[in-house]
Amino acid sequence: MNYSEKVMDHFINPRNVGEIKNADGIGEVGNAKCGDIMKMYLRIEDETITDCKFKTFGCGAAVATSSMATEMIKGRSIDDALKLTNSAVMEALDGLPPVKVHCSVLAEQAVKAALTDYYQKQGIDPEPIVGKVPEMEEE
Ligand code: FES
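Quick summary incoming for the structure in this document. (Residues numbered from 1 in each chain as written. Predicted model: local features only at pLDDT ≥ 70, side-chain atom pairs only at ≥ 80, totals over all residues. Heavy atoms only, no water.)

1. Quick look at a negative patch on the surface
And step 1. A surface patch of negative charge is lined by E45, D46, E47 and D79.
And step 2. With respect to the helices and strands, the residue E45 is situated in strand β2 (residues 37–45).
And step 3. Taking relative accessible area as the criterion, E45 reaches 44% and is therefore assigned partly exposed. (Patch = residues over 30% accessible without salt bridge, like charges linked within 9 Å, V, L, I, M, F, W, Y side chains within 5 Å. Areas by Shrake-Rupley, 256 points an atom, 1.4 Å probe, with all protein chains shown as cover. Salt bridge = Lys/Arg side-chain N within 4 Å of Asp/Glu carboxyl O. Lys, Arg positive; Asp, Glu negative; His and termini not counted. Charge placed at Lys NZ, Arg CZ, Asp CG, Glu CD. Helix = DSSP H or I, 4+ residues; strand = E, 2+ residues; numbered from the N terminus. Buried < 20%, exposed > 50% of the residue type's maximum accessible area, 1.4 Å probe, protein only.)

2. A few points about the nonpolar core
It is characteristic of soluble globular proteins that their nonpolar side chains tend to be buried jointly.
And step 1. Counting 36 residues, the largest nonpolar core has M40, L42, I73, V111 and L115 as the members making the most contacts within it.
And step 2. Taken together, the elements giving at least two residues each to this core come down to β2, β3 (48–57), α2 (60–73), α3 (78–82), α4 (86–92) and α5 (101–121).
And step 3. Per-element tally for this core: the top contributor is α5, with 10 residues.
And step 4. Setting aside residues up to four positions removed in sequence, V111 forms contacts with M40, A69, I73, A81 and L84. (Core = buried A, V, L, I, M, F, W, Y, C linked by side-chain atoms within 4.5 Å. Contact = heavy atoms within 4.5 Å.)

3. Quick word on the pattern of salt bridges
And step 1. Enumeration according to the criterion identifies 10 salt bridges in this entry.
And step 2. Close ionic contact of K74 with D51 constitutes a salt bridge, the shortest N to O distance being 3.6 Å. In this pair, K74 is assigned in the loop between α2 and α3 and D51 in strand β3, connecting sequence segments 23 residues apart.
And step 3. Residue K74 is classed as partly exposed on the basis of its relative accessible area, which comes to 33%.
And step 4. A relative accessible area of 22% means that D51 is categorised as partly exposed.
And step 5. Notably, a salt bridge pairs D80 with R76, separated by 3.2 Å at the nearest N-O pair.

Next comes the structure, spelled out in structure tokens:
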């Protein structure tokens, strides 16, 4: 399988690994088929994601996509984070092999799951804003 240099870089030196104590939003998603799990922590101040960390128990592409996703939303507004798509993450990594596309979906979902948690903690119904985020992806 051919991985881009960027994928290898983010796999070997993942950015923002870890957890945030008392995070404002925590999301955990998994993929039923491969069993990989991603956990995303957000610190949100004034509608801005001031810090973002992740833990991924999964394949190299899952590590690389979650690392890239944290880089893409850190310092950005919630609105920007909501617009983050798995294709944007893949593009930023110079692509992924087709069998690894679902790994990037996991990264997008992890961000959305963390934002869902953030809104729930504020007593706001997240679904109209974030949409429905499945805890387990079937493919
Ligand atoms: Fe499932 Fe990568 S193989 S997340």
